[in-house]
Amino acid sequence: MRLSVLAEPGRRQPLFARRGAVATSQPLAAEAGLSILHAGGNAVDAAVAMAACLTVVEPCSNGLGSDAFAILWDGDQLHGLNGSGRAPASASAARLRAQGRTTMPQLGWEAVTVPGAVRAWADLHGRFGRLPFSDVLEPAIALAGEGFALSGVVAWGWHRGVEAAARHSDPSMSGFAPLFAPEGRAPAVGEVWRSPEMAATLTAIAASRGEDFYTGDLSERIVAFSCATGGRLVEADLAGHESEWVKPISARFRDHEVWEVPPNGQGIAALIALNVLDGFSPAEAASWHRQIEAVKLALTDVRALVGDPAVVDVPVEALLSANHANQRRSAIGAHALAPIAVDPRPSDTVYLCAADSNGMMVSFIQSNFQGFGAQVVVPGTGISLQNRGAGFSLEPGHPNELAPGKRPFHTIIPGFLTRGGAPVGPFGVMGGDMQAQGHVQLVLHTVDGRDDPQTALGRPRWFWDPSTSRVQVEASADPATIAQLRTRGHDAVVSQHAALFGRGQAIWRLHPDNDDSVLVAGSEPRADGYPLGW
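Calculation criteria
Residues numbered from 1 in each chain as written. Predicted model: local features only at pLDDT ≥ 70, side-chain atom pairs only at ≥ 80, totals over all residues. Heavy atoms only, no water. Helix = DSSP H or I, 4+ residues; strand = E, 2+ residues; numbered from the N terminus. Rg over C-alpha atoms; globule rule 2.2 N^0.38 Å. Lys, Arg positive; Asp, Glu negative; His and termini not counted. Charge placed at Lys NZ, Arg CZ, Asp CG, Glu CD. Buried < 20%, exposed > 50% of the residue type's maximum accessible area, 1.4 Å probe, protein only. Polar contact = N/O pair within 3.5 Å; in protein donor to acceptor, adjacent residues only side chain to side chain. Contact = heavy atoms within 4.5 Å. Axes fitted to C-alpha atoms, helices over the stretch in contact; angles between N-to-C directions. Parallel < 35°, antiparallel > 145°, perpendicular 65-115°, else oblique. Left-handed = near helix turned anticlockwise from the far one by under 90°. Nonpolar A, V, L, I, M, F, W, Y, C, P; charged D, E, K, R; others polar. Core = buried A, V, L, I, M, F, W, Y, C linked by side-chain atoms within 4.5 Å. Pairing = 2+ DSSP bridges.

A. Seen up close, the overall build of the protein. Across its full length, the protein holds 19 helices and 21 strands. The C-alpha atoms of the protein give 22 Å as radius of gyration, which agrees with the globular expectation for 534 residues (24 Å, within 12%). Seen along its three principal axes, the alpha-carbon backbone of the protein occupies a region of about 60 × 60 × 40 Å. A distance of 5 Å separates the average location of the 41 positive side-chain charges in the protein from that of its 53 negative side-chain charges.

Dropping the structure here:
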């Protein structure tokens, strides 16, 4: 793989390393990952260490009650891990509809599914890790117990989450303020925050390899708080949770292969869009109009057809077929369209990546879903629970309709890039509906534009909002490009809201077939983090 590196004054440059590299949105988490590599750990050890640290240093995006997904290159082949949780056994779409609801609640216990991140850490490490699990979690335990000073982007997200929580008085949210606003407000930039209870919980997780969270004292405390405050999680829901090893799915784009975890996530949308764009020349695919139209069509198909494949039939093969790509490509004309789903069958998140000297590479993502998640915190544990249940539909018969034991449609997606079957590396762009769109834009910049990871991550982005069909464009974009989008019928507006456009990381391996293999890493300029390596 040959990249063009822009070495302009003032531009953040990529990291080049020989023996290992890590990248994530928080410097303290990245430093923990690098320290694990220095201690003899591999890329999985580093990834799990960073994931645990991020629950402490960026709790407004993820937590101990999150879900997680991963794609891993073990040196010979790819593996996928689905660490998303299921709805409680007592979940009922009919009950919520009887209450007059047409959409899922965003906060409180009804939005909570079984947290899968802790089990995902243990399963990923148990199969591929090298260092003791307790050593891998030690940096997170230290950060929680000793405290850390808030960085800028995290302080902004923390403040926004505390303001939102102050507007609610549900008993299930009674544990939120004591943990995240102990002085009656969010901590400010540079202020130190610590949580001895989170340190104790992480210690229990480390000692039990995660089992305490699902079958031990921690699970009992989660269930007790659920029962006392109107929740639906019970002992059997937690004890029955398992991660799932899956085969990643792919689409060919030019001479590369792009890999995603299969549904229940939205990664397939990125692949559908890239299949469509692969039929255009690089010059044609560089058009934001064509990119937006391809993404609109892909996301519309996925939102209509994707659910938990253990419960419903998701037409993955048909959605990724050449026939479907050709049909969707033919719908793209000179003007913006209002997308309609086509069934091809007949009739706040954190992302991190790591690579080591032995060729192992990890793409890992975990998330609360929205900000602090359901704003449900189990008192005395530091466990804040996700609101992934908000991703279910209440539409009767929809593939993603809420049902007991069912996994919701997920927005979080780790990505991986190969070329001719050889690893290029892990990548991801976090941020709700932006994620598949960010994957498409990053791949285009890398493959067609030959950008290094840092340059690709720093390019201006666009975001198509599925709820409004409005196209948000970064202020750094070329005004002529924005004007052209409007001429073609797009409701394009300039946004100063950097968080809207996602936050990504990537590590590419250059010259993988010789002794002079080099890692080149980039980290999102819209976040606080940076890549590290040696």
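Continuing now.
B. Just unusual backbone geometry, in detail. Positive phi values are uncommon outside glycine, yet Arg 450 reaches one of about 60 degrees. Relative to the helices and strands, Arg 450 is located in the loop between helix H17 (434-447) and helix H18 (453-458). Arg 450 sits in the partly exposed class, given a relative accessible area of 37%. Notably, Ser 469 is not glycine yet its phi reads approximately 65 degrees, a positive angle.

C. Focus on the environment of Asp 67. Among the structural elements, Asp 67 can be located in strand S3 (residues 67-73). Judged by relative accessible area, Asp 67 falls into the buried class, the value being 0%. Sequence separation between Asp 67 and Ala 206 is 139 residues, and the spatial gap between their C-alpha atoms is 18 Å. There is a polar contact of 2.9 Å between the side chain of Asp 67 and the backbone nitrogen of Gly 116. Within the structure, Asp 67 has its side chain in polar contact with the side chain of His 410 (distance 2.9 Å).

D. Structural context of the side chain of His 324. The residue His 324 is located in helix H16 (residues 322-330) in this model. Residues in contact with His 324, not counting those within four places in the same chain, are Ile 272, Asp 301, Ala 318, Leu 319, Val 342 and Pro 344.

E. Quick look at the packing of helix H1 (residues 27-38) against helix H2 (residues 43-57). Packing of H1 against H2 brings their axes to within 8 Å, and their N-to-C directions diverge by 155 degrees. Classed by the angle they form, the pair H1 and H2 counts as roughly antiparallel. Our pair here, H1 against H2, has a crossing hand that is right-handed. On the side of H1, the interface is formed by Leu 28, Ala 29, Ala 30, Ala 32, Gly 33, Ile 36 and Leu 37, while H2 contributes Ala 43, Asp 45, Ala 46, Ala 49, Met 50, Cys 53, Leu 54 and Val 57. Classifying every residue of the contact of H1 with H2 by side-chain character gives 13 nonpolar, one polar and one charged.

F. Geometry of the nonpolar core. Core analysis: the largest hydrophobic core is formed by 106 residues, its most contacted members being Trp 121, Leu 137, Trp 158 and Leu 202. By residue number, the principal contributor to this core is H2, which donates 13 residues. Setting aside chain neighbours within four positions, we find Leu 137 in contact with Val 48, Ala 52, Trp 121, Leu 202, Ile 205 and Ala 206. In this structure, Leu 271, Ala 273, Val 429 and Ile 482 belong to the second largest nonpolar core, which totals 58 residues.

G. How the structure looks around the sheet that holds strand S17 (residues 470-474). Ordered in space as S16-S17-S18, the three strands form an open sheet in which the pairing is mixed. Looking at which strands have only one partner, the edges of the open sheet turn out to be strand S16 (462-464) and strand S18 (491-495). In this sheet, adjacent strand axes meet at a mean angle of 25 degrees when their direction is disregarded. Where S16 and S17 come together, three bridges link them in antiparallel fashion. In the sheet register, Trp 464 faces S17, and the bridge partner there is Val 471.

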